[in-house]
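Coordinate inspection notes
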Amino acid sequence: MLGHWTADLSWFTAVSGSFSRGKTLFSERTHEIILYACGGFLVIFGFYFMLNFNNPIQLS
């Protein structure tokens, strides 16, 4: 469990750092487009899971 928490902490630190430095790497408009695209992907992915919660993905 401690390994999972450590991985979460490092991931969130990396994401937070990339968001804070994103405005210096890209123009403000490009940074905004990237954030909206990521947000839209998360919304679509969330709706997919909400609609298919009763039909798990079969990998075999």
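Residues numbered from 1 in each chain as written. Predicted model: local features only at pLDDT ≥ 70, side-chain atom pairs only at ≥ 80, totals over all residues. Heavy atoms only, no water.

Looking now at the overall build of the protein chain. For the protein chain, the helix and strand inventory stands at two helices and zero strands. Taking 60 residues into account, the globule formula puts the C-alpha radius of gyration at 10 Å, and the protein chain, at 16 Å, lies well above it. Seen through its principal axes, the protein chain has C-alpha atoms that stretch 45 × 30 × 20 Å. With an accessible surface of roughly 5,800 Å², the protein chain has 71% of that area assigned to carbon and sulfur atoms. (Helix = DSSP H or I, 4+ residues; strand = E, 2+ residues; numbered from the N terminus. Rg over C-alpha atoms; globule rule 2.2 N^0.38 Å. Areas by Shrake-Rupley, 256 points an atom, 1.4 Å probe, with all protein chains shown as cover.)

To continue, consider the packing of aromatic side chains. Under the defined criterion, the tally for this structure stands at three aromatic pairs. Summarising the aromatic geometry, the rings of Phe-41 and Phe-45 are spaced 5.5 Å apart at their centres and angled 15 degrees between planes, so their arrangement reads as stacked. Note that Phe-41 and Phe-45 are positioned in helix H2 (residues 28-51) at a spacing of four residues, about one turn of the helix. What makes Phe-41 exposed here is its relative accessible area of 53%. Given a relative accessible area of 41%, Phe-45 falls into the partly exposed group. (Phe/Tyr/Trp six-rings, centres within 6.5 Å; stacked < 30°, edge-to-face > 60°. Buried < 20%, exposed > 50% of the residue type's maximum accessible area, 1.4 Å probe, protein only.)

Here the focus is the side chain of His-31. Note that His-31 resides in helix H2. Residues within four places of His-31 in sequence aside, it is in contact with Phe-19, Gly-22, Lys-23 and Phe-26. (Contact = heavy atoms within 4.5 Å.)

That is the geometry; function is a separate question.
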